[in-house]
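The residues making up each chain are set out below.
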Amino acid sequence: MNPIDITFNDEVGFLDDKTRDWKKWINDLLLLAKNDIAKKNNLEMSINFVDEEKSNEINKKYRDKDRPTDVISFAIEDGEDLLDYSTFEDDPEFSEDIGDLFMCPSVIMRHSKDYGTGWDREFGYTLVHGFLHLNGYDHIKPNEAKLMFKIQGKVLEEYGLPLYPDQLDEGRGK
């Protein structure tokens, strides 16, 4: 069984780009993130690549924000009453379903230009950000943000996609 089993739904032809094995690239980056947050269980998740219209629709319906966004996460376990999956750590057949990501490549591309980060770093940032949300991390409170962005920055640096020194805890960095 894979440490992370990802189901891909590609509505925009993102994975058709043969310049890179995107599924492997994504899996490798998320495995690094999984290890950095010390998740022992095998994980299941889906990644859906959508256009701006679909991203806007989801963002408006579930977040009351009328604009497309780079990533929206839907965690299976969300809130205070999280299940303790550590009891399944020794069961190689058990796989924890952490939820679904909806990613909009065109918004990610626009952000990569607006922030001057480049495609790989912005895509990696967005992917890890969504993955951390699926695993219960958030950035609403300052102490939560500091932890989440510290982990995110560490994972990206380990993967060769470092953040810039001037990127702060308040949203885009360490």
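Our structure is the block above this text.
The structure presented is a predicted model; accordingly, all values stated were derived computationally and were not measured. (Residues numbered from 1 in each chain as written. Predicted model: local features only at pLDDT ≥ 70, side-chain atom pairs only at ≥ 80, totals over all residues. Heavy atoms only, no water.)

Engineer: So what's going on with the pairing of strand β4 (residues 95-103)? Residues and values would help.
Structural biologist: With seven of nine residues buried, β4 is to be regarded as a mostly interior element. With eight bridges connecting them, strand β2 (residues 42-49) and β4 associate as parallel partners. Counterpart to N48 in the pairing with β4 is F102. Direction of pairing for strand β3 (residues 71-75) relative to β4: antiparallel, over a ladder of five bridges. Along β4, the bridge assignment pairs F74 with D100. (Buried < 20%, exposed > 50% of the residue type's maximum accessible area, 1.4 Å probe, protein only. Helix = DSSP H or I, 4+ residues; strand = E, 2+ residues; numbered from the N terminus. Pairing = 2+ DSSP bridges.)

Engineer: So what about the packing of aromatic side chains? Which residues, and what values?
Structural biologist: By the definition in use, this model includes 14 aromatic pairs. Between the aromatic rings of F14 and W22, the centroid separation amounts to 5.0 Å while the plane-to-plane angle is 45°, which identifies the pairing as tilted. Their ring planes at 45° and their centres at 5.7 Å tell us that W25 and F123 sit as a pair that is tilted. Pair noted here: W25 is in helix α1 (residues 22-36) and F123 is in helix α4 (residues 119-134), with a separation of 98 residues, a long-range link. With respect to burial, W25 and F123 carry one shared label: buried. The lysine or arginine in question, R20, covers the ring of W22, its NZ or CZ lying 4.8 Å from the ring centre. (Phe/Tyr/Trp six-rings, centres within 6.5 Å; stacked < 30°, edge-to-face > 60°. Lys NZ or Arg CZ within 6 Å of the ring centre and 35° of its normal.)

Engineer: Which residues make up the nonpolar core, and what are the values?
Structural biologist: Of all hydrophobic cores here, the largest spans 38 residues; its most connected members are M45, I47 and F123. Per-element tally for this core: the top contributor is α4, with eight residues. Setting aside its immediate chain neighbours within four residues, I47 contacts I6, T7, F8, N9, I26, L30, L101, M103 and L127. (Core = buried A, V, L, I, M, F, W, Y, C linked by side-chain atoms within 4.5 Å. Contact = heavy atoms within 4.5 Å.)

Just distances and angles here, no functional claims.
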